[in-house]
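Observations on the three-dimensional arrangement
Next come the chains, spelled out residue by residue.
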Amino acid sequence: MTVHFIGAGPGAADLITLRGHRLIASSPVCLYAGSLVPEELLEACPPGARKVDTAKLNLDEIIAEMVAANSSGADVARLHSGDPSVFSAVAEQMRRLDAAGVPYDVTPGVPAFAAAAASLGREFTVPEVAQTVILTRTAERATAMPPGEDLATLSASRATMVLHLAVQRIGPVVAELIGNYGADCPVAVVARASRPDELILRGTLADIAAKVDQAGVRRTAVIVVGAALTAGQFPDSHLYSTDRCRS
């Protein structure tokens, strides 16, 4: 028996790996966050599968489902939105499964920031403009941020920054970023990336908060900040340069 942590992607049901889909189809138990994972993915579950929406379960109850499946020898497809490597709360589940002696593996998925980049039609790393992407969040109504990971410190690099779980406090976020990035820095907010009801808001740090408030965006969105969003004048990458191809 194995618990399969599966990245279910950003929202579109077809943005899941072939491996992830195969594991769903072969697992007699499926645990999923009903508010984030598309219902279409549940159609891949085998007949008679136990399907458990974990949206209202606490960690103890979720682990109990996995331990029970382990006792009966049933594989578990544990669906997480986006990719399990960031902001997925997988680490504490793994820790408890280790203690219980329950085996698990991880199948990556399409993360929200990648889906946002695709929707925006932009690359977040542009030669001589931005070569670093910072994925972070804020501490409002969540666990505290570690020392040195506050937005004022992280923004000193002026790298492309993607903020998860932060759109509901867009005003304070802008206030913390504007000192380093400047009021005219490009910003995009992508809500429900890849879904039929996707919404994209573009602006600058000077006006994005007003646009978010006017649109009523409060959740399921990422904030992207940085010059890479609008960069047009930059050198070609060395990867396909004439000099490199001749060497």
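Residues numbered from 1 in each chain as written. Predicted model: local features only at pLDDT ≥ 70, side-chain atom pairs only at ≥ 80, totals over all residues. Heavy atoms only, no water.

**Some words on the overall build of the protein**
Within the protein, the regular secondary structure consists of eight helices and 10 strands. Oriented by its inertia axes, the alpha-carbon framework of the protein measures out at about 60 × 50 × 35 Å. Within the protein, the fraction of its 247 residues that count as buried is 44%. Across the protein, contacts joining residues at least 24 apart in sequence account for 67% of those joining residues at least 6 apart. For the protein, the accessible surface area stands at approximately 12,500 Å², while carbon and sulfur atoms represent 52% of it. Positive and negative side-chain charges of the protein, numbering 21 and 26 respectively, have mean locations separated by a distance of 1 Å. (Helix = DSSP H or I, 4+ residues; strand = E, 2+ residues; numbered from the N terminus. Buried < 20%, exposed > 50% of the residue type's maximum accessible area, 1.4 Å probe, protein only. Contact = heavy atoms within 4.5 Å. Areas by Shrake-Rupley, 256 points an atom, 1.4 Å probe, with all protein chains shown as cover. Lys, Arg positive; Asp, Glu negative; His and termini not counted. Charge placed at Lys NZ, Arg CZ, Asp CG, Glu CD.)

**Let's talk about helix α1 (residues 18–26)**
Of all the positions in α1, only G20, L23 and I24 are classed as buried. All buried residues of α1 fall inside an arc of 100 degrees around its axis, so they share one side. Looking at α1, the residues exposed on the side facing more than 90 degrees away from the buried face are L18 and R22. Along its buried surface, α1 packs onto β1 (3–7), β4 (76–80) and β5 (104–107). (Arc of directions from axis to C-beta.)

**Some words on the sheet that holds strand β3 (residues 50–53)**
Read from one edge of the open sheet, five strands run β3-β2-β4-β1-β5, paired in parallel fashion. Only two strands of the sheet have a single neighbouring strand rather than two, namely β3 and β5. Neighbour-to-neighbour, the strand axes of this sheet turn through a mean angle of 20 degrees, independent of strand direction. Where strand β2 (residues 29–32) meets β3, four bridges bridge the pair, whose relative direction is parallel. The residue bridging V29 from the neighbouring strand is R50, located in β3. Its contacts with the sheet place α1 against β1, β4 and β5, and it is angled at close to 140 degrees to β1. (Pairing = 2+ DSSP bridges. Axes fitted to C-alpha atoms, helices over the stretch in contact; angles between N-to-C directions.)

**Overview of the sheet that holds strand β10 (residues 221–225)**
Spatial strand order, β6-β7-β10-β8-β9: five strands in an open sheet with mixed pairing. Every interior strand has two partners, whereas the edge strands, β6 (133–136) and β9 (199–204), have only one. Shown here is a sheet whose adjacent strand axes are inclined to one another by a mean of 15 degrees, direction ignored. With four bridges connecting them, β6 and strand β7 (residues 160–164) associate as parallel partners. Across the sheet, the residue bridging to V133 is T160, located in β7. Against the sheet, helix α6 (residues 170–181) makes contact with β7 and β10, and its axis sits at roughly 165 degrees relative to β7, the strand it touches most. In the packing of helix α7 (residues 208–215) onto the sheet, contacts are made with β8 (186–191) and β9, and the angle to β9 comes to roughly 155 degrees.

**Quick word on the nonpolar core**
In this structure, L163, L177 and I223 are the most contacted members of the largest nonpolar core, which totals 25 residues. The greatest single-element share of this core, amounting to five residues, is contributed by α6. L163 has contacts with T136, T138, L151, V173, L177, A221, V222, I223 and V225, leaving out every residue within four places of it along the chain. (Core = buried A, V, L, I, M, F, W, Y, C linked by side-chain atoms within 4.5 Å.)

**Side note on unusual backbone geometry**
Notably, E128 is not glycine yet its phi reads approximately 60 degrees, a positive angle. By secondary structure assignment, the location of E128 is in the loop between α4 (112–120) and β6. Phi at R192 takes a positive value of approximately 55 degrees, unusual for a residue other than glycine. Inspection of the secondary structure puts R192 in the loop between β8 and β9. On the basis of relative accessibility, which here comes to 23%, the residue R192 falls in the partly exposed class.

**Observations concerning the packing of aromatic side chains**
Both the distance between ring centres and the angle between the ring planes are used here to describe each pair of aromatic rings. Under the defined criterion, the tally for this structure stands at one aromatic pair. Taken together, a centroid distance of 6.0 Å and an interplanar angle of 75 degrees make the contact between F5 and Y104 edge-to-face. Note that F5 is positioned in strand β1 and Y104 in strand β5, a separation of 99 residues in sequence. (Phe/Tyr/Trp six-rings, centres within 6.5 Å; stacked < 30°, edge-to-face > 60°.)

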